[in-house]
Amino acid sequence: MPEGAYRWFVYAELALAAVTFVALCFIVAPYGGRHGRSGWGPTVPARVGWIVMESPASILFLVFYLLGAHRGELVPLLFLLLWQAHYVQRAFVYPLLMRSGSRMPVAVMLLAILFNLLNAWVNARWISEYGSYPTAWLADPRFWIGVVLFSAGYALNVSSDRVLRRLRGDGRGGYRIPHGGGFRFVSSPNYLGEMVEWTGWAIATWSLAGASFALYTIANLAPRALANHRWYRETFPDYPAGRRALLPYVL
């Protein structure tokens, strides 16, 4: 694909970030669980929905990556490893650990598939074809700052999911206030972790492709974090007063 046409896909992702942010300021996405509700058409088990909608981000990213002229070079391979570390966990590990019984609208699943297709193309093609990452990039501070942020965000994301999973895993059922880890400071540390991850990716790749994904992640997750925070406060009168929605001590 000519580079000029590729740029339009990047611009499309940036535009999608803006549209998503505005939409989610008015609509709470019904992924299931606490925000699940009727009126969104047919549904599938949430576990199935997660695997189907997230697996393209892993599988198709690899396919698109392998089309690139730089696919065998060290730095692009390291970027591939970072990407797959997140999406193998998100697509094939996380869903199997989910609570059974919740459901997801098919419409939400299909929209996520379309975004993951676009995002996988934009980022895979950049790191293996259109970007330039000689081995000397390993000595660039941007690479290491980005990798550290990515790793820290990944750890926060996974550990926060573990806290939520243990909260539901004692057999008592229902919703309760999570405590410990990132939940000491914010209501959605799993979302914060993912935002930090892809900000790190944007810095490490130092690319508009990476920045477009980081901006989309913030546009998608920040409104959802605010919705979670409102839900916790409305549901639990004893919810910790000092806990913020997304950014410790700030928001």
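Note that the structure is a prediction, hence the values are computed from the model and not measured.

**Q** I'd like to hear about the overall build of the protein, residue by residue, with values.
**A** Within the protein, the regular secondary structure consists of 7 helices and 2 strands. Reading the protein from its N end, one meets helices and strands in the order α-β-α-α-β-α-α-α-α. Principal-axis analysis of the C-alpha atoms places the extent of the protein at approximately 55 × 40 × 30 Å. Burial status across the protein gives 48% buried among its 251 residues.

**Q** An account of the nonpolar core is requested, with residue identities and associated values reported.
**A** Most often, soluble globular proteins keep nonpolar side chains buried together rather than apart. Counting residues in hydrophobic clusters, the biggest one holds 35 residues, and the most contacted among them are Tyr-6, Phe-61, Phe-79, Trp-83, Ile-127, Trp-198 and Trp-201. Looking at this core, the elements that each hand over two or more residues are α1 (3–24), α2 (46–66), α3 (74–93), α4 (106–130), α5 (141–168), α6 (189–205) and α7 (208–235). Counting residues per element, this core draws most heavily on α4, at 8 residues. Among all residues touching Trp-201, those that are not within four sequence positions of it are Phe-61, Phe-79, Leu-82, Trp-83, Asn-123, Ile-127, Gly-146, Phe-150, Trp-206 and Gly-210. By size, the runner-up hydrophobic cluster in this structure holds 10 residues, among which are Val-44, Trp-50, Met-104 and Val-108.

**Q** A description of α6 should follow, citing residues and the corresponding values.
**A** Taking 1.5 Å per residue, 17 residues should reach 24 Å; α6 reaches 24 Å between its end C-alpha atoms and fits that length. Within two residues after α6, Trp-206 carries a phi angle of roughly 45 degrees, on the positive side.

**Q** Describe the pattern of salt bridges, naming the residues involved and giving the relevant values.
**A** Considering all chains together, one arrives at 2 salt bridges under this definition. Of the charged contacts, one joins Asp-140 and Arg-142 as a salt bridge, the two residues approaching to 2.7 Å between their closest N and O atoms. What makes Asp-140 buried here is its relative accessible area of 16%. Take Arg-142: its relative accessible area is 27%, and that puts it in the partly exposed class.

**Q** Lay out the packing of α3 against α6 with the relevant residues and their values.
**A** The description of two helices packed together rests on the angle between their axes and the distance between the axes. Contact pair α3 / α6: the axes reach a minimum separation of 11 Å and the direction vectors enclose 160 degrees. Comparing their axes, α6 and α3 come out roughly antiparallel. Judged by the twist between their axes, the crossing of α3 over α6 is left-handed. Here Phe-79, Leu-82, Trp-83, His-86, Tyr-87 and Arg-90 of α3 lie close against α6, whose contacting residues are Glu-194, Glu-197, Trp-198, Trp-201, Ala-204 and Thr-205. Split into classes, the residues belonging to the contact of α3 with α6 amount to 7 nonpolar, 2 polar and 3 charged.

**Q** Go over unusual backbone geometry with me, naming the residues and quoting the values.
**A** The phi dihedral of Trp-206 is positive, around 45 degrees, even though this residue is not glycine. Within the secondary structure, Trp-206 is located in the loop between α6 and α7. In the Ramachandran plot, Tyr-249 falls in the positive-phi region, its phi being about 70 degrees despite a non-glycine side chain. You can call Tyr-249 exposed: its relative accessible area is 66%.

**Q** Before we move on, can you summarise the side chain of Asn-190 with the specific residues and values?
**A** In this fold, Asn-190 is placed in helix α6. You can call Asn-190 buried: its relative accessible area is 11%. Discounting chain neighbours no more than four positions away, the residues touching Asn-190 are Asn-157, Ser-160, Asp-161 and Leu-164.

About the criteria used
Residues numbered from 1 in each chain as written. Predicted model: local features only at pLDDT ≥ 70, side-chain atom pairs only at ≥ 80, totals over all residues. Heavy atoms only, no water. Helix = DSSP H or I, 4+ residues; strand = E, 2+ residues; numbered from the N terminus. Buried < 20%, exposed > 50% of the residue type's maximum accessible area, 1.4 Å probe, protein only. Core = buried A, V, L, I, M, F, W, Y, C linked by side-chain atoms within 4.5 Å. Contact = heavy atoms within 4.5 Å. Expected span 1.5 Å × (residues − 1). Salt bridge = Lys/Arg side-chain N within 4 Å of Asp/Glu carboxyl O. Axes fitted to C-alpha atoms, helices over the stretch in contact; angles between N-to-C directions. Parallel < 35°, antiparallel > 145°, perpendicular 65-115°, else oblique. Left-handed = near helix turned anticlockwise from the far one by under 90°. Nonpolar A, V, L, I, M, F, W, Y, C, P; charged D, E, K, R; others polar.

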